[in-house]
Amino acid sequence: MQTASVYKEPSSFRDPSGFIFHRDGILYRQIETSYQEHYDHLMVSGLYAALQRERLLIPHTEASLDLAPQPGGAYKVIQPERLNFVSYPYEWGFSQLKDAALITLQIQKKAVECGMVLKDASAFNIQRHQGRLLLIDTLSFEKYHEGDPWVAYRQFCQHFLAPLALMSRCDIRFGQLSRLYLDGIPLDLTAKLLPFRCRLNGGLLGHIYLHAGAQTKLADKNLKPAAQYKVSRYSLLAIIDHLESTVRGLCWKAGQTEWADYYNATNYQGEAFRHKQECVSAYLDKINPKQVWDLGGNTGVFSRLASRRGIHTVCFDIDPSAVEINYLESIKHQELSLEALILDLTNPSPASGWAHRERASFQERSAGVDLVLALALVHHLAISNNLPLEKIAEFFSRLGRALVIEFIPKPDSQVQRLLRTRKDIFPHYHEDGFEKAFGQYFEILDKRPIVESHRSLYLMKPGR
Amino acid sequence: MRLQKKFFGWLLLTVLFSLALQPKAYAYLDPGTGSFFTQMLLAGLVGLSFFIKTFWQAIKNFFSRIFKGSKLPKDKP
């Protein structure tokens, strides 16, 4: 036990109630004695069981206290079920963020019924696990005292309501503001950005405009101690209900963008499309991966070749419409192994937060990825974004243990489309140039020309 | 229900308009006071709406039970 490798999760430091650590590759959570009464209440009040019945909280088992890395203050060590992948709110589509908000409120209502409240309402605490969104922070609850206002109300409004309102009422791309403001979008900024007509919405008027106004006008005024602000249990439930109807009232419909309609808009159909699916399926069977990332995966047509084999698959795309369609499809068909996330590969999610260690970068989260799919992607990176093939190869070689990549040469109609309005300054963009560039970073294991097209699929292994 | 929602929306609008119109200062030093105050203020406004909503739901459930209850024997073969 003394020689075991113990690693404390760098993002787990704000809450004094406990922290996440890894021991011999297994994830645990140490619960401090200061949190004892709250943890015990969670377990005996029936709240934990109720949340498990509805799969709203990550399940855990209690482990030996001997495993605690800081045994001095330890009350319990628990072993939560491990997530396949951790995503961040700025990578979610509109409906995923909305569902996460509604689940947070549902959990809060259940907590109040059992004499507890959520002390945190961070969007980062909601993750997708086995196809469902749930709360992953077991220590988010504290005992409720009649009359106390909801301590996480501000956080809920900043993490959920503000981005949802901006995405719904201004522009879907405002979801990316959450990447800049990790503790949620400031309400005064939200109030300034929202169109004037949003003041006519009772929910937004109260929870955003009034809230922002009260925050700025009353800040540091020493009106009275926090303990003297009283909100009855009934009023608390009324506020939660009002927040719920406000969130439900915010909608966004995925438009027919050029990406969301990609497969219908291209001439790339029929036999070539079917053959490409066959080739990708054959590679999946050969590699037998446990985790797949599909980069530029659009609405997830090829991701589903992997996820339907039970492989945990994350489908990334730059287009919020494509991601929205993909997410809603995965929910509708209760797909357990598929996640749909927004990602601009030319500017991927960075390491951020305190000391760059609270939120892991896109690349850091690729540690367990067995296979990366990059289908119909390279021409967009190389031609639309002027990225040299060597740079693309070098970055891809850092992402997974194998790569299935499609090369689309200049004669293809899709590449012609990209070249229509730009000067062809890409003399090395051809099959030999592609193989030479990727050959520097990968071992090319297989190559399959796709029938009835100019395209080729490659299976590669990094580390040449 | 819609009328009642509109009424409370406009009431909120009238009472709070000046407060919510143009936030000027930054609230990062003490964001809690404003949030607690907002909850206290909203509690009264949305509390009545919540009462009417839950009361209406209870009436609907009551009649729905009666309706279902009277329908059940008929459905029995």
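For the structure itself, consult the block above.
First, a word on scope: everything that follows refers to the structure included in this document. (Residues numbered from 1 in each chain as written. Chains lettered and ligands numbered in written order. Predicted model: local features only at pLDDT ≥ 70, side-chain atom pairs only at ≥ 80, totals over all residues. Heavy atoms only, no water.)

1. A few points about the overall build of chain A
Phase 1: Check the secondary structure of chain A and you find 16 helices and 16 strands.
Phase 2: Computed over its C-alpha atoms, the radius of gyration of chain A comes to 24 Å, within 12% of the 23 Å expected for a compact globule of 464 residues.
Phase 3: A principal-axis box enclosing the C-alpha atoms of chain A has dimensions of 75 × 60 × 40 Å.
Phase 4: For chain A, restricting intrachain contacts to residue pairs at least 6 apart in sequence, the fraction spanning at least 24 positions comes to 70%.
Phase 5: Accessible surface computed for chain A: about 19,500 Å², of which carbon and sulfur atoms make up 50%. (Helix = DSSP H or I, 4+ residues; strand = E, 2+ residues; numbered from the N terminus. Rg over C-alpha atoms; globule rule 2.2 N^0.38 Å. Contact = heavy atoms within 4.5 Å. Areas by Shrake-Rupley, 256 points an atom, 1.4 Å probe, with all protein chains shown as cover.)

2. Regarding the sheet that holds strand 5 (residues 74-80) of chain A
Strand pairing in a sheet relies on backbone hydrogen bonds. The paired strands run either parallel or antiparallel.
Residues and elements named next belong to chain A.
Phase 1: Strand order in the open sheet formed by five strands is 1-2-3-5-4, and the pairing between neighbours is antiparallel. Both outer strands of the open sheet, strand 1 (6-8) and strand 4 (60-63), are each paired with one neighbouring strand and no more. Sheet twist, expressed as the average angle between the axes of neighbouring strands with direction ignored, equals 35°.
Phase 2: Packing of helix 1 (residues 36-44) onto the sheet brings it into contact with strand 3 (26-32), strand 4 and strand 5, and relative to strand 5 it is tilted by some 45°. (Pairing = 2+ DSSP bridges. Axes fitted to C-alpha atoms, helices over the stretch in contact; angles between N-to-C directions.)

3. Regarding the nonpolar core
Residues and elements named next belong to chain A.
Phase 1: In this structure, Phe-141, Trp-150, Leu-295, Phe-396, Ile-405, Tyr-429 and Phe-438 are the most contacted members of the largest nonpolar core, which totals 114 residues.
Phase 2: Ignoring sequence-local partners within four residues, the contact set of Phe-396 consists of Leu-295, Leu-345, Ala-374, Leu-377, Leu-381, Leu-403, Ile-405, Phe-438 and Phe-442.
Phase 3: Of all hydrophobic cores here, the second largest spans 19 residues; its members include Val-292, Leu-373, Leu-457 and Leu-459. (Core = buried A, V, L, I, M, F, W, Y, C linked by side-chain atoms within 4.5 Å. Buried < 20%, exposed > 50% of the residue type's maximum accessible area, 1.4 Å probe, protein only.)

4. Some details on the packing of helix 7 (residues 202-218) of chain A against helix 8 (residues 233-248) of chain A
Residues and elements named next belong to chain A.
Phase 1: Packing of helix 7 against helix 8 brings their axes to within 9 Å, and their N-to-C directions diverge by 115°. Pair helix 7 / helix 8 crosses with left-handed handedness. Only Ile-239, His-242, Leu-243 and Thr-246 of helix 8 make contact with helix 7, whose side of the interface consists of Gly-202, Gly-203, Leu-204 and His-207.
Phase 2: Along the lines of polarity and charge, the residues of the contact of helix 7 with helix 8 split into three nonpolar, five polar and no charged. (Left-handed = near helix turned anticlockwise from the far one by under 90°. Nonpolar A, V, L, I, M, F, W, Y, C, P; charged D, E, K, R; others polar.)

5. Brief notes about the side chain of Gln-30 of chain A
Residues and elements named next belong to chain A.
Phase 1: You can see Gln-30 is positioned in strand 3.
Phase 2: A polar contact of 3.2 Å, which involves the side chain of Gln-30, links it to the side chain of Glu-32.
Phase 3: Within the local environment of Gln-30, its side chain forms a polar contact with the backbone oxygen of Gln-70, the two atoms lying 2.8 Å apart.
Phase 4: Not counting the four nearest positions on each side in its chain, Gln-30 is found in contact with Ser-17, Gly-18, Phe-19, Phe-21, Ala-68, Pro-69, Gln-70, Gly-73, Ala-74, Lys-76 and Leu-139. (Polar contact = N/O pair within 3.5 Å; in protein donor to acceptor, adjacent residues only side chain to side chain.)

6. Quick look at the packing of aromatic side chains
Residue and element names in this part refer to chain A.
Phase 1: Per the counting criterion, the structure on display carries 25 aromatic pairs over all chains.
Phase 2: Judged by centre distance (6.4 Å) and plane angle (75°), the rings of Tyr-39 and Tyr-75 are edge-to-face. Remark: Tyr-75 occurs in strand 5 and Tyr-39 occurs in helix 1; sequence separation between them is 36 residues. Per residue, the accessibility class of Tyr-39 equals that of Tyr-75, and both read buried.
Phase 3: The interplanar angle of 75° and the centroid separation of 5.0 Å between the aromatic rings of Trp-293 and Phe-316 together place this pair among those described as edge-to-face. Of this pair, Trp-293 sits in strand 10 (residues 291-295) while Phe-316 sits in strand 11 (residues 312-317), and the two are 23 residues apart along the sequence.
Phase 4: By relative accessible area, Trp-293 is classed as buried at 0%.
Phase 5: A network of ring pairs unites the aromatic residues Phe-407, Tyr-429, Phe-434, Phe-438, Phe-442 and Tyr-458 as a single cluster.
Phase 6: Directly above the aromatic system of Phe-19 lies the positively charged group of Lys-8, at a separation of 4.4 Å from the ring centroid.
Phase 7: Sitting above the plane of the Phe-124 ring, Arg-359 keeps its charged end 3.8 Å from the centroid. (Phe/Tyr/Trp six-rings, centres within 6.5 Å; stacked < 30°, edge-to-face > 60°. Lys NZ or Arg CZ within 6 Å of the ring centre and 35° of its normal.)

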